[in-house]
Each structure stands twice: as C-alpha cells, then as structure tokens.
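The chain contents come next:
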Amino acid sequence: MAKERGYNATLFRRMLKQYRGLGTARKLLAADAPQYGLLRLKEIGLLAHSLENTVLNPKYADLFLTREKETARERSQSFGFTPEWRQDPL
C-alpha cells in the first residue's frame, strides 16, 4: 500500500534483513528522533502501518520494554495518531 503511494521503505526493509523484526524495532525506537519512514507514513496517511502502531498492539506487548512502548506511544501522539490494531481473521 505504501509503495503505491510513493514510499518504498528501502532503508526499513534493509534493516529488517540485517536486524530482523525485533532488532529493527528496538534500534528505531532507541533513536532520539522519529525515523524518516514514520514521517513519510504520516504524509501519505498510513500511520496505521507504522512500527509504532505495531509495537503498541497488545498482541506484541510482551516483546517490548515499557520505555519502548512509551516511545512508540509518544511518537504516535506527536503526530495526532491514536494507535489502532488490525485483527487477524480466525
């Protein structure tokens, strides 16, 4: 969906290959400022697809430290976004 709107997420995909999912999430959440990808997702109206939204999904709560979830929440709120979670079909 993001690609159709002009965002390729090249760096994010490269990080996923190198650090896998959890490692990538931790690196991006540890950064002092939001990553470029979050800014682009805001611009194209796809914050529901952000790493921050995924981190705050109760399904993954046990994977992240409290401070990582707080960072994700703060970044989402700074963009005026209320996290939402897609339910997996049964």
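Please refer to the structure placed before this passage.
From a predicted model like this one, the values you see are computed outputs, not experimental measurements.

End to end, helix H1 (residues 10–30) covers just 20 Å across 21 residues, shorter than the expected 30 Å (1.5 Å per residue, more than 12% under). The largest bend in H1 amounts to roughly 110° and is located at Arg20. Of the residues making up H1, those classed as buried are Met15, Thr24, Ala25, Leu28 and Leu29. Looking at the buried side of H1, the elements it contacts are helix H3 (51–55) and helix H4 (66–78).

For the structure shown, the criterion picks out three salt bridges. Salt-bridge contacts for Glu43 lead to Arg40; the nearest nitrogen and oxygen are separated by 2.7 Å. Here Glu43 and its partner Arg40 are both found in helix H2 (residues 36–43), three residues apart, which amounts to about one turn of the helix. A relative accessible area of 59% places Glu43 in the exposed class. Taking relative accessible area as the criterion, Arg40 reaches 13% and is therefore assigned buried. A salt bridge links Glu52 to Arg75, with the shortest nitrogen-to-oxygen separation between them at 3.9 Å. Taken together, the residues span a long stretch of sequence, with Glu52 in helix H3 and Arg75 in helix H4 at a distance of 23 residues. Owing to a relative accessible area of 0%, Glu52 belongs among the buried residues under this scheme. Given a relative accessible area of 6%, Arg75 falls into the buried group.

Of all hydrophobic cores here, the largest spans 10 residues; its members are Tyr7, Ala9, Leu38, Leu41, Ile44, Leu46, Leu47, Ala48, Phe79 and Phe81. Counting residues in each nonpolar core, the second largest holds nine residues, with Met15, Leu51, Leu56 and Ala72 among its members.

Time to look at unusual backbone geometry. One non-glycine residue with positive phi stands out, namely Ala9, at about 60°. Along the polypeptide, Ala9 turns up in the segment before H1. Notably, Arg20 is not glycine yet its phi reads approximately 65°, a positive angle. Position of Arg20 among the secondary structure elements: in helix H1. Looking at Arg20, the relative accessible area reads 59%, which means it is exposed.

Cut-off values and rules
- Positions within a chain are numbered from 1, following the residues in the order the chain's sequence is written.
- Reporting of local features is limited, given that this is a predicted model, to residues whose pLDDT is at least 70; pairs of side-chain atoms are given and counted only at 80 or more, and all residues count toward the totals for whole chains, interfaces and linings.
- Working from all heavy atoms in the structure, the side-chain values ignore hydrogens and water.
- Secondary structure elements are taken from DSSP: a helix is a run of H or I of four residues or more, a strand is a run of E of two residues or more, and numbering for both begins at the N terminus.
- Given a helix with a known number of residues, its expected span is that number minus one, times 1.5 Å.
- To get the bend at any residue, fit one axis to the seven residues that end at it and another to the seven that begin at it, then take the angle between the two axes.
- Accessibility here uses a 1.4 Å probe with only protein chains present; expressed as a share of the type maximum, an area under 20% marks a residue as buried, one over 50% as exposed, and anything in between as partly exposed.
- We call two residues contacting when some pair of their heavy atoms lies within 4.5 Å.
- Should a side-chain nitrogen of Lys or Arg be within 4 Å of a carboxyl oxygen of Asp or Glu, the pair is scored as a salt bridge.
- Here the nonpolar core consists of buried residues drawn from Ala, Val, Leu, Ile, Met, Phe, Trp, Tyr and Cys, with membership extended through side-chain atoms lying within 4.5 Å.

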